[in-house]
Amino acid sequence: MPVITYREALNQALDEEMARDESVFLIGEEVGEYNGAYKVSKGLLDKYGPKRVIDTPITELGFTGIGVGAAMVGLRPVVEWMTHNFALLALDQVVNNAAKMRYMSGGQFKLPIVFRGPNGPAEYLASQHSQALQTYWTHVPGLKVVAPATPYDAKGLLKSAIRDDNPVVVLEGELMYAWKGEVPEGEYLVPIGKADVKREGTDVTVVTYSKPLKVVQEAAELCAQEGIQVEIVDLRTLRPLDEETVYRSVRKTNRAVVVDESWPMVSVGSHVAWLISRNCFDVLDAQVELVASEDIPMPYNHTLELAAQPSVTKVVAAVKKVLYLGE
Amino acid sequence: MAKELNKNLLKKMLYDMMLIRHFEEKAGQMYGLKKIGGFCHLYNGEEAVAVGSVAAIDLKKDYILTGYRDHGHALACGMDPKGIMAELFGKITGCSRGKGGSMHLFDAEKHFLGGNGIVGAQIPIATGVAFAQKYRNDGGVTLCFFGDGAIHQGAFHESLNMAKIWNLPIVYICENNQWGMGTNFRKVSSVDDFSLLGTAYGIPGKQINGMDVIEVYQEVSKAVDQARESGLPSLLEARTYRYKGHSMSDPAKYRTREEVEEYRKQDPILILKDKLMQEGIVTEKEYEKYDSQIQAIVDEAVEFAEKSEEPALHTMYEDILVD
Ligand SMILES: Cc1ncc(C[n+]2csc(CCOP(=O)(O)OP(=O)(O)O)c2C)c(N)n1
Ligand SMILES: [Mg+2]
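Residues numbered from 1 in each chain as written. Chains lettered and ligands numbered in written order. Predicted model: local features only at pLDDT ≥ 70, side-chain atom pairs only at ≥ 80, totals over all residues. Heavy atoms only, no water.

### Details of the overall build of chain A
Step number 1: A count of helical and extended segments in chain A gives 13 helices and 14 strands.
Step number 2: By the compact-globule yardstick of 20 Å for 327 residues, chain A fits well, its C-alpha radius of gyration being 20 Å.
Step number 3: Principal-axis analysis of the C-alpha atoms places the extent of chain A at approximately 60 × 45 × 40 Å.
Step number 4: Across the 327 residues that make up chain A, the buried fraction comes to 61%.
Step number 5: Long-range pairs, those at least 24 residues apart, make up 82% of the contacts in chain A with a sequence separation of at least 6.
Step number 6: About 12,600 Å² of surface is accessible on chain A, with carbon and sulfur atoms providing 54% of the total.
Step number 7: The distance from the centre of the 32 positive side-chain charges to the centre of the 43 negative ones in chain A is 4 Å. (Helix = DSSP H or I, 4+ residues; strand = E, 2+ residues; numbered from the N terminus. Rg over C-alpha atoms; globule rule 2.2 N^0.38 Å. Buried < 20%, exposed > 50% of the residue type's maximum accessible area, 1.4 Å probe, protein only. Contact = heavy atoms within 4.5 Å. Areas by Shrake-Rupley, 256 points an atom, 1.4 Å probe, with all protein chains shown as cover. Lys, Arg positive; Asp, Glu negative; His and termini not counted. Charge placed at Lys NZ, Arg CZ, Asp CG, Glu CD.)

### Comments concerning the site of ligand 1
Step number 1: Ligand 1 sits among 22 residues. The nearest are Glu-60 of chain A together with Tyr-68, Arg-69, Gly-117 and Asn-177 of chain B.
Step number 2: Ligand 1 sits at a junction of chains, with neighbouring residues supplied by chains A and B.
Step number 3: Within the side chain of Glu-60 of chain A, a nitrogen or oxygen atom sits 2.5 Å from a nitrogen atom of ligand 1.
Step number 4: At a separation of 2.8 Å, an oxygen atom of ligand 1 approaches a polar backbone atom of Trp-179 of chain B. (Near = heavy atom within 4 Å. Polar contact = N/O pair within 3.5 Å; in protein donor to acceptor, adjacent residues only side chain to side chain.)

### Description of the domain arrangement of chain A
Residues and elements named next belong to chain A.
Step number 1: When cut into domains, chain A gives domain 1 (3-182) and domain 2 (196-322).
Step number 2: Distance from the C-alpha centre of domain 1 to the C-alpha centre of domain 2: 26 Å.
Step number 3: Between domain 1 and domain 2, the residue contacts involve 33 residues of the former and 26 residues of the latter.
Step number 4: Taken together, both faces of the contact between domain 1 and domain 2 bury some 2,400 Å²; the carbon and sulfur share is 59%.
Step number 5: Ranking the residues of domain 1 by area buried against domain 2 places Pro-121, Tyr-124 and Trp-179 at the top, with a combined share of 22%. (Domains from an automatic or database assignment. Buried area = accessible area lost by both parts, 1.4 Å probe.)

### Looking at the coordination of the magnesium ion (ligand 2)
All names here are of chain B.
Step number 1: Coordination of the magnesium ion (ligand 2) by the protein is provided by Asp-148 (OD), Asn-177 (OD1) and Trp-179 (O), with metal-donor distances spanning 2.1 Å.
Step number 2: Between consecutive donor residues of the magnesium ion (ligand 2), the sequence gaps follow D-x28-N-x1-W. You can see Asp-148 sitting in the loop between β2 (142-147) and α6 (154-165) and its partner Trp-179 sitting in strand β4 (residues 179-180), a full 31 residues away along the chain. Like Trp-179, Asp-148 is buried. (Donors = N, O, S within 2.8 Å, 3.2 Å for Na, K, Ca; no water.)

### Observations regarding the interface of chain B and chain A
Note: interface size is frequently given as the accessible area lost on complex formation between the parts.
Step number 1: Counting from both sides, the interface comprises 38 residues of chain B and, opposite them, 31 residues of chain A.
Step number 2: The interface formed by chain B and chain A includes two salt bridges.
Step number 3: Put simply, Lys-187 of chain B and Asp-55 of chain A hold a salt bridge, and the shortest N to O gap is 2.6 Å.
Step number 4: Across the contact surface, chain B and chain A share 16 residue pairs in polar contact (both at pLDDT 80 or more).
Step number 5: Here the residues of the side of chain B that touches chain A sort into 17 nonpolar, 16 polar and five charged. (Salt bridge = Lys/Arg side-chain N within 4 Å of Asp/Glu carboxyl O. Nonpolar A, V, L, I, M, F, W, Y, C, P; charged D, E, K, R; others polar.)

### Notes on helix α10 (residues 243-253) of chain A
Residues and elements named next belong to chain A.
Step number 1: Those residues of α10 not exposed but buried are Thr-245, Val-246, Tyr-247, Ser-249, Val-250 and Thr-253.
Step number 2: The elements touched by buried residues of α10 are β9 (196-199), β10 (204-208), β11 (230-234), β13 (256-259) and α11 (268-279).
Step number 3: A positive phi of about 65° marks Asn-254, the residue just after α10.

### A few points about the pairing of β11 of chain A
All names here are of chain A.
Step number 1: In terms of burial, β11 is largely enclosed, as five of its five residues are buried.
Step number 2: Both faces of β11 are covered, namely the face carrying Val-230, Ile-232 and Asp-234 and the face carrying Glu-231 and Val-233.
Step number 3: Where β9 lies against β11, three bridges are found, and the strand directions are antiparallel. Within β11, the residue paired with Asp-196 across the bridge is Asp-234. (Pairing = 2+ DSSP bridges.)

### Digging into unusual backbone geometry
Step number 1: Put simply, Arg-239 of chain A and Pro-240 of chain A share a cis peptide bond, and its omega is 0°.
Step number 2: Among the secondary structure elements, Pro-240 of chain A is positioned in the loop between β12 (237-239) and α10.
Step number 3: Residue Gly-115 of chain B follows Gly-114 of chain B across a cis peptide bond; omega there is 25°.
Step number 4: Its place among the elements puts Gly-115 of chain B in the loop between α4 (81-88) and α5 (122-136).
Step number 5: We note that Val-266 of chain A has phi near 55°; this positive angle belongs to a residue other than glycine.
Step number 6: Tracing the backbone through its elements, the reader meets Val-266 of chain A in the loop between β13 and α11.
Step number 7: Accessibility expressed as a relative area gives 53% for Val-266 of chain A, which makes it exposed.
Step number 8: One non-glycine residue, His-111 of chain B, lies in the positive phi region at around 65°.
Step number 9: Secondary-structure assignment places His-111 of chain B in the loop between α4 and α5.

### A few points about the packing of aromatic side chains
All names here are of chain A.
Step number 1: In the structure shown here, the tally under the stated rule is 15 aromatic pairs over all chains.
Step number 2: Taken together, a centroid distance of 5.2 Å and an interplanar angle of 5° make the contact between Trp-81 and Phe-115 stacked. Separated by 34 residues along the polypeptide, Trp-81 in the loop between β4 (76-80) and α4 (84-87) and Phe-115 in strand β5 (residues 114-118) bring together distant segments of the chain.
Step number 3: For Trp-81, a relative accessible area of 0% corresponds to the buried category.
Step number 4: By relative accessible area, which is 0% here, Phe-115 ends up buried.
Step number 5: One aromatic cluster is present, built from ring pairs that chain together Tyr-6, Tyr-38 and Tyr-177.
Step number 6: Sitting over the ring of Tyr-34, Lys-39 keeps its end group 3.9 Å from the ring centre.
Step number 7: For the cation-ring pair, Lys-214 lies above Trp-179, with the distance from its terminal atom to the ring centre recorded as 4.2 Å. (Phe/Tyr/Trp six-rings, centres within 6.5 Å; stacked < 30°, edge-to-face > 60°. Lys NZ or Arg CZ within 6 Å of the ring centre and 35° of its normal.)

Given below as structure tokens:
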């Protein structure tokens, strides 16, 4: 099977869906002539022309709203945000409009729109550029939210998002764009709303999604060397949440750790941890642990910024904690 | 009326532009050595805008805000190169204690209010600073810098309207360096002349040559006087050029070498240097003395940054809220 990057996988998804459906277009800052700030849209302007690959001024609120309007009357916009930090300027159009039009109109409209871009910290970018903002989107009924962590999932989920008749927010990651993985040739979709067991194990379930998957996989390797078999559930979609896959795993292992790179308070991670605590109460052999980022804006200094995020050490410690293996 | 140009001021402006140029060259080198990370936006080529503007204000009562391309403005405000370099290195001795990095230089005492990473975010904030100046009637003026890319954000348009209806003492200075990342300003703007964008709000606008520090100084002085005396906001478009890529990671393939060379011929430092030499205000020897002094200052800044401590782990929990 071909091995490609996460970036190339997203590019293939965009390319295939644009070829398949004339009403799909890509709009955002630097998506055309510059081939994307992170090169996700490389080559698409050449192939589809400026009518369908549209460079905008730096106007997040405006071009996101333009996407919403175009979607209300039947186009299928893919709105690229250079990063989710800048999407905060467009929060209003997503939360007040994209997520509400169908409901407020009593079901008269559908909004087949995708909002996508890198989310979460990269390196040395300080407080305004290093935020994992998934809670902002996942909080809102009327949206779907996907967070692929592998090239395979990235391609399959983006294609599903573009074909979905609802607004879908896609969380990518600057550091993930270069990650490599197997992606089959030819058409496939990854369904929205389905989690994936990325590693089978019997002792502890670790639930995660997006970039921390790699940290969790490394931690699982280390644990395996000590005879601890970790099962990894990758949520892949945050809304709607595939609770059943999570519970099935926890019912098998009786222990759960949730790893989420956003802040701990009112996060996707804290919500999932609560769901497990409530719905798997009878089978849990330990309290559910949450490994999140520190509850602080991101500092620029590299040592501090690494210390602020979930790490292999923190995940291993949490796994041992739910196994009552004190250090 | 053009402001009096005394010799010392002219020399100081030359010196300050040279300091910025050397500092930026050094910052670029340090980035190459991985002493600095992340986004680092250099100001080479645009020195005249910050230097000429700051020369026109009184930082005891006036304020300055800009975006992430902020090293030049910080230096022009008289911030210590050591504290800036240490900030770029992420050290505890940095002006923002290693928390902000290149995009988030601040100095409350020097009235330099950042350093902002969100394109256009400083425009309403600067307008709010001018609001407070008017509220207190303290005679202060705010200078707000932003790029040709930032001018299209709603924040700009909302701010100008409010500045006008409330007569706020602010000068909006658009540093049109022709490019917003890889996008030429003409491609994403309904008008090529940004000075027109004030007219809808009844705010006078003017295009000025941002490569000529004397012109910048004189025009900003006029605008500042108007703001101070009559509470009239204004908009200046300073035409300038950035020599380097958008940030250290941008190879700038979207423009030709000829374009860059063309602007280098109008280099703000060379223009002023030639003029001052012709007029006998600065000699070649003095210029060389400035050069070596500045070299030493910048080297010292690197040494200071290098030797400074990393912030202790617990400092990351500090400075979030006032206790
Ligand atoms: C709200 C927001 N959108 C996008 C970005 C990414 N970005 C950073 S700088 C920049 C270009 C800005 O160009 P301009 O205003 O001309 O300033 P210059 O870099 O030329 O000084 C972009 C798109 C950002 N930081 N903030
Ligand atoms: Mg610009």
